[in-house]
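# Coordinates in review
Spelled out, the chains give:
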Amino acid sequence: MLPEPVDPFSAVADPRRRAILEMLTERERPVNEIVEHLGVDQPSVSKALRVLRDHGLVESLKQGRFRVYRINAQRIKAVHDWTLIFEPFWAHQLSRIKANAERRVRPAGPSSRESGKNTEYQP
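Quick summary incoming for the structure in this document. (Residues numbered from 1 in each chain as written. Predicted model: local features only at pLDDT ≥ 70, side-chain atom pairs only at ≥ 80, totals over all residues. Heavy atoms only, no water.)

A few words on the overall build of the protein. Counting its regular elements, the protein contains 7 helices and 3 strands. Overall, the protein shows an N-to-C arrangement of helices and strands of α-α-β-α-α-β-β-α-α-α. Taking all 123 residues of the protein together, 22% fall into the buried category. Considering only contacts within the protein whose residues lie at least 6 apart along the sequence, 46% involve residues at least 24 apart. With the model as given, the accessible surface of the protein reaches about 9500 Å², and the carbon-plus-sulfur share is 55%. (Helix = DSSP H or I, 4+ residues; strand = E, 2+ residues; numbered from the N terminus. Buried < 20%, exposed > 50% of the residue type's maximum accessible area, 1.4 Å probe, protein only. Contact = heavy atoms within 4.5 Å. Areas by Shrake-Rupley, 256 points an atom, 1.4 Å probe, with all protein chains shown as cover.)

Put into structure tokens, the structure is as follows:
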């Protein structure tokens, strides 16, 4: 039986693990700093870090008596690349929202051509 492939998407499904990843984008951090920042117990943070490490999203380095964690950007790139397929959808949605907002700002009544006045919204 083949081992199950490690899927980075399952690792980022948990909000606590995402919070840890966000912290690690700023710089490498030891476990105790992550614990303090998140305000949760150390075993919970260690468990989350283990999942992230097992999925290849973080790496740990030994620095003196401490383990320091950092992002493995290459593995996170797979998540980033996949989300890019939705970018046209969001760009389209933003265009629709802008058009709706602009329609609501224009005053009702005769068009500017009919009245000879410019009633278009101008920022």
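Evaluated as defined, the whole model comprises 2 aromatic pairs. When the centroid spacing of 5.3 Å and the interplanar angle of 75° are considered together, the rings of F9 and W82 count as edge-to-face. One end of the pair, F9, is in helix α1 (residues 8-11); the other, W82, is in helix α5 (residues 73-83), with 73 residues separating them in the sequence. For F9, a relative accessible area of 30% corresponds to the partly exposed category. W82 sits in the partly exposed class, given a relative accessible area of 45%. (Phe/Tyr/Trp six-rings, centres within 6.5 Å; stacked < 30°, edge-to-face > 60°.)

Before going further, it helps to examine the packing of helix α2 (residues 15-26) against helix α4 (residues 42-54). The axes of two packed helices give the description: the angle between them and the distance between them. With their axes 10 Å apart at the nearest point, α2 and α4 run at an angle of 80° to one another. It follows from the interaxial angle that α2 and α4 lie roughly perpendicular. Across the interface between the two elements, R16, R17, I20 and L21 of α2 pack against S44, V45, A48, L49, V51 and L52 of α4. The class makeup of the residues in the contact of α2 with α4 is 7 nonpolar, 1 polar and 2 charged. (Axes fitted to C-alpha atoms, helices over the stretch in contact; angles between N-to-C directions. Parallel < 35°, antiparallel > 145°, perpendicular 65-115°, else oblique. Nonpolar A, V, L, I, M, F, W, Y, C, P; charged D, E, K, R; others polar.)

Where strand β2 (residues 58-63) meets strand β3 (residues 66-71), 6 bridges bridge the pair, whose relative direction is antiparallel. Within β3, the residue paired with E59 across the bridge is R70. As consecutive antiparallel partners, β2 and β3 are separated by 2 residues, and within that stretch G64 has a phi angle of approximately 65°, a positive value. (Pairing = 2+ DSSP bridges.)

A word on the nonpolar core. Side chains of nonpolar character tend, in soluble globular proteins, to be buried together. Membership of the largest hydrophobic core comes to 17 residues, with the highest contact counts inside it found for I20, I34, V45, L49 and L52. At the level of secondary structure, the elements contributing two or more residues to this core comprise α2, α3 (31-38) and α4. In this structure, V45 is in contact with I20, V31, I34, V35, L38 and V40, ignoring residues within four places of it in sequence. (Core = buried A, V, L, I, M, F, W, Y, C linked by side-chain atoms within 4.5 Å.)

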